[in-house]
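# What the coordinates show
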Amino acid sequence: MRHFYIFKITSSCEKIWKKNPYELYHTLEMIYYRNEDDIYLGNKMIKQLIVPIAIKELDFALFSHFKNNYFYMKYKNIHSMHDVYRNENTILTLHKSYLKLDTNVIKPSFLFVLQKSSSFFVCDFEEKDYFWLDSFKQGAVFI
């Protein structure tokens, strides 16, 4: 199971780190692994890097796109896809500062809708994986 964190990056940071995403990933990773004593500093740093996500609009866009899909479920700000044909089990949780995507596939269905919405930066801190969502290509690849 992979755990992706998806951030909407400020336009100024996006211009700086678009061609060198490792620096952005490394900065976000440092914030992610901060201990409890440094929460205030991590909070100040994250506010300079990310833009709050309009979750109502994103929630509606996801629901509108998947509402006729038999394998899709929604409860509050949690969207899930349990597609037996693609062998996909994915849960997308919407938060104001980030999105959390738990999935068993590398290219889950929700990323294709998110790709249309805005320029997001996707990180998997456990697997040391990161990419800009606008560079995401279609096709199902399973883990």
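Quick caveat: nothing in here was measured; it's all calculated off a predicted structure.

## Some details on helix H2 (residues 21-32)
Helix length check: H2, at 12 residues, gives a terminal C-alpha distance of 16 Å against a target of 16 Å (1.5 Å per residue), a fit within 8%. Buried residues of H2: Leu24, Tyr25, Thr27, Leu28, Glu29 and Ile31, and no others. Buried residues along H2 sit in contact with strand E1 (2-8), helix H1 (11-17), helix H3 (39-49), strand E6 (120-124) and strand E7 (129-132).

## Let's talk about the sheet that holds strand E3 (residues 78-83)
Spatially, seven strands are ordered E2-E3-E4-E5-E1-E6-E7 in an open sheet, and the strand pairing comes out antiparallel. Two strands bound the open sheet, and with one partner strand each, they are strand E2 (72-75) and E7. Taking the axes of each pair of neighbouring strands and ignoring which way they run, one obtains an average angle of 15 degrees across the sheet. In the sheet, E2 pairs with E3 via four bridges, with the strands oriented antiparallel. Bridged to Lys74 within E3 is His79. Sitting on the sheet, H2 touches E1, E6 and E7, and the angle it makes with E6 is about 60 degrees.

Basis of the calculations
Residues numbered from 1 in each chain as written. Predicted model: local features only at pLDDT ≥ 70, side-chain atom pairs only at ≥ 80, totals over all residues. Heavy atoms only, no water. Helix = DSSP H or I, 4+ residues; strand = E, 2+ residues; numbered from the N terminus. Expected span 1.5 Å × (residues − 1). Buried < 20%, exposed > 50% of the residue type's maximum accessible area, 1.4 Å probe, protein only. Contact = heavy atoms within 4.5 Å. Pairing = 2+ DSSP bridges. Axes fitted to C-alpha atoms, helices over the stretch in contact; angles between N-to-C directions.

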